[in-house]
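Coordinate analysis (summary)
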Amino acid sequence: MSDFFEVNFDGIVGPTHNYAGLSPGNVASMKHANTPAHPRSAALQGLAKVKTLHELGVKQCVLPPHSRPELRVLKRAGLSGSEQDMIYEAGLNHPELLAQAYSASAMWTANAATITASPDANDGKLHLTPANLVSTPHRALESEQTEAILQQVFADAEQFAIHEPLDPAMPDEGAANHTRLCVDHGGPGLNVFTFGFDDTDVSAPTPDRFPARQYRTASEAVADAHGISYAASAFVQQNPHAIDAGVFHNDVICVGHRNALLVHQDALLHERGVMEKLIEKFEKRCGGPLRIVMIGRTMLPIEHAVSSYLFNSQIVDLPDGSMALVHPTDVLDDVHASKVVKMVLTDKTNPITRAVAVDVRQSMRNGGGPACLRLRVPMSEGQFAAVHRGVKYTPALHAKLAEVIESRYPKTVVPMDLQDPGFAGTVRAATEAVYRVLNLEM
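Residues numbered from 1 in each chain as written. Predicted model: local features only at pLDDT ≥ 70, side-chain atom pairs only at ≥ 80, totals over all residues. Heavy atoms only, no water.

1. Overview of the side chain of S233
- Relative to the helices and strands, S233 resides in strand β8 (residues 233-237).
- Given the relative accessible area of 5%, S233 is considered buried.
- Apart from residues lying up to four places away in sequence, S233 is in contact with L190, N191, F193, I228 and K281. (Helix = DSSP H or I, 4+ residues; strand = E, 2+ residues; numbered from the N terminus. Buried < 20%, exposed > 50% of the residue type's maximum accessible area, 1.4 Å probe, protein only. Contact = heavy atoms within 4.5 Å.)

2. Side note on the side chain of H257
- For H257, the position within the fold is in strand β9 (residues 254-257).
- The exposure class of H257 is buried, given its relative accessible area of 1%.
- Side-chain polar atoms of H257 contact the backbone oxygen of I315, separated by 3.1 Å.
- Ignoring any residue separated from it by four or fewer positions in sequence, one finds H257 in contact with E6, L181, H185, I315, V316, D317, M323 and R376. (Polar contact = N/O pair within 3.5 Å; in protein donor to acceptor, adjacent residues only side chain to side chain.)

3. Some points on unusual backbone geometry
- The step from R68 to P69 runs through a cis peptide bond, and the omega angle for that step is 10°.
- You will see that R258, though not glycine, has its phi angle at about 50°, which is positive.
- By the secondary structure assignment, R258 is in the loop between β9 and β10 (260-264).
- Take R258: its relative accessible area is 12%, and that puts it in the buried class.
- Positioned with a positive phi, Y309 is a non-glycine residue whose angle comes to about 60°.
- In this fold, Y309 is placed in the loop between α10 (302-308) and β12 (314-317).
- Taking relative accessible area as the criterion, Y309 reaches 4% and is therefore assigned buried.

4. Here we look at the sheet that holds β10
- Strand order in the open sheet formed by three strands is β9-β10-β11, with mixed pairing between adjacent strands. Strand pairing shows two members of the sheet lacking a second neighbour, β9 and β11 (291-295), which therefore form its edges. Strand-to-strand, the axes of this sheet are offset by a mean angle of 10°, without reference to chain direction.
- Relative to β10, β9 runs antiparallel, the two sharing four bridges. (Pairing = 2+ DSSP bridges. Axes fitted to C-alpha atoms, helices over the stretch in contact; angles between N-to-C directions.)

5. Regarding helix α9 (residues 271-286)
- In this model, α9 (16 residues) spans 21 Å end to end at C-alpha, consistent with the 22 Å of a helix rising 1.5 Å per residue.
- For α9, the secondary structure elements touched by its buried residues are β6 (178-182), β7 (189-195), β8, β10 and β11.
- Among the residues trailing α9, G287 stands out with phi positive, at a value near 80°. (Expected span 1.5 Å × (residues − 1).)

6. Focus on empty space enclosed by the protein
- For the structure on display, the rule yields seven cavities of 30 Å³ or more.
- The space that makes up the largest cavity amounts to roughly 280 Å³.
- Along the walls of the largest cavity sit 25 residues, with A175, H178, T179, R180 and R376 positioned nearest its centre.
- Taken together, the elements giving at least two residues each to the lining of the largest cavity come down to β3 (113-116), β6, β9 and β15 (374-379).
- Looking at side-chain class alone, the lining of the largest cavity contains 11 nonpolar, eight polar and six charged residues.
- Taken as a whole, the second largest cavity encloses approximately 220 Å³ of empty space.
- Lining the second largest cavity are 24 residues, with S103, S105, W108, H138 and N366 positioned closest to its centre. (1 Å grid on protein atoms, 1.4 Å probe; cavity = no way out; pocket = protein on both sides within 12 Å on 5 of 7 lines; lining within 4 Å. Points joined across faces, edges and corners; volume = space filled by probe spheres on them. Nonpolar A, V, L, I, M, F, W, Y, C, P; charged D, E, K, R; others polar.)

7. What to know about the layout of surface pockets
- Its boundaries defined by the atoms lining it, the largest pocket holds a volume of some 390 Å³.
- Along the wall of the largest pocket there are 19 residues; nearest its centre are F4, F5, H185, D317 and L318.
- Among the elements of the structure, β1 (5-11) and β12 are those that each provide at least two residues to the lining of the largest pocket.
- In terms of residue count, the dominant contributor to the lining of the largest pocket is β1 (three residues).
- Residue composition of the lining of the largest pocket, by class: seven nonpolar, six polar and six charged.
- Along the wall of the second largest pocket there are 13 residues; nearest its centre are A28, K31, H32, S307 and M364.
- Every element with two or more residues in the lining of the second largest pocket is listed here: α1 (27-31), α10 and α12 (361-364).
- Of the residues that constitute the lining of the second largest pocket, the class distribution is six nonpolar, two polar and five charged.

So, in structure tokens, the structure goes:
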């Protein structure tokens, strides 16, 4: 084995966490729109997940929430005057714009960027491209702050290459639609880019009910910018039926880690041929067999895959070389999903030997499970040493962050709170406190 390993960079839930239903195609987000949210509980749940993975032996880092409110969205709509004036007017006449300005969706760092491990890049550097997220207005606000954060966290230009977000003409959703498969994190990998809309083929099928968020040209542009060869990449299309069922990102219906791929039968267009292609390319590129665990629609109807978020679990390495499936507690409440977990654990042809349940219900109600909350970054010891020290998880950092969250985060947020001009100062002070703990500039 090499000195490479996978590091999870988890997003700290922001103090403006609320349920505004801003995400078409995200079933949970739409279902819980305008219900009370609990930012303090949400942030502590996310932090507890980080602690759980740390105790499993997974290297963990954290990324801060974005500063909110984002007043640019209000100014673009023609609002002017002081911050309090704009918030007051938006609350009266533009509540959806105000909800966008206060969105805490940057907590789902699986959408923060696409990562290319240095063994797969032609220059031997670790590459990062912040996602432009232009498919939804509230998330399109994130790329500028995300890039600024990544520049601080991955500042060593000899180790890391940070690219600008793609042109908005190419909608890009980040690592939620990218899976790196490999035998060893430091060895050659196969980068599977999953797109929802093939903008290179007018005859390609498209979803009817919900928008496809990732464009093929975006996936190809990221791969090209990162210097990924043809042999190290595969481009596959989401099943339009899955998108219409609520699979807005591929990580809602597929999760892969090293040589294990857990995937639903309805995840991809032309599924049988795609799986054969991936097996062939993986063996040629990585020199070993790809362990595909295909879950059929009879065993797990797609609506249960979406509601339980089974595939938005994390697969992580354990110290003994096996893997654990870290799934949301909601899986235990779904008879179909819980049976799938039992099947995976008893199937000796795959390396997953343990299941760990984590409670991230506050995030789940807004459409983000355990995997949404983290950005996976394969790194060498030297690259990890070059990461900004302040974001590296330790029990001491946990205690400091928990103290900030418990003392400064609102306990409950309802839509009317966003219209209170004083709310902005409260949540901004809480966010500033998080940045101080992490020794980052806001």
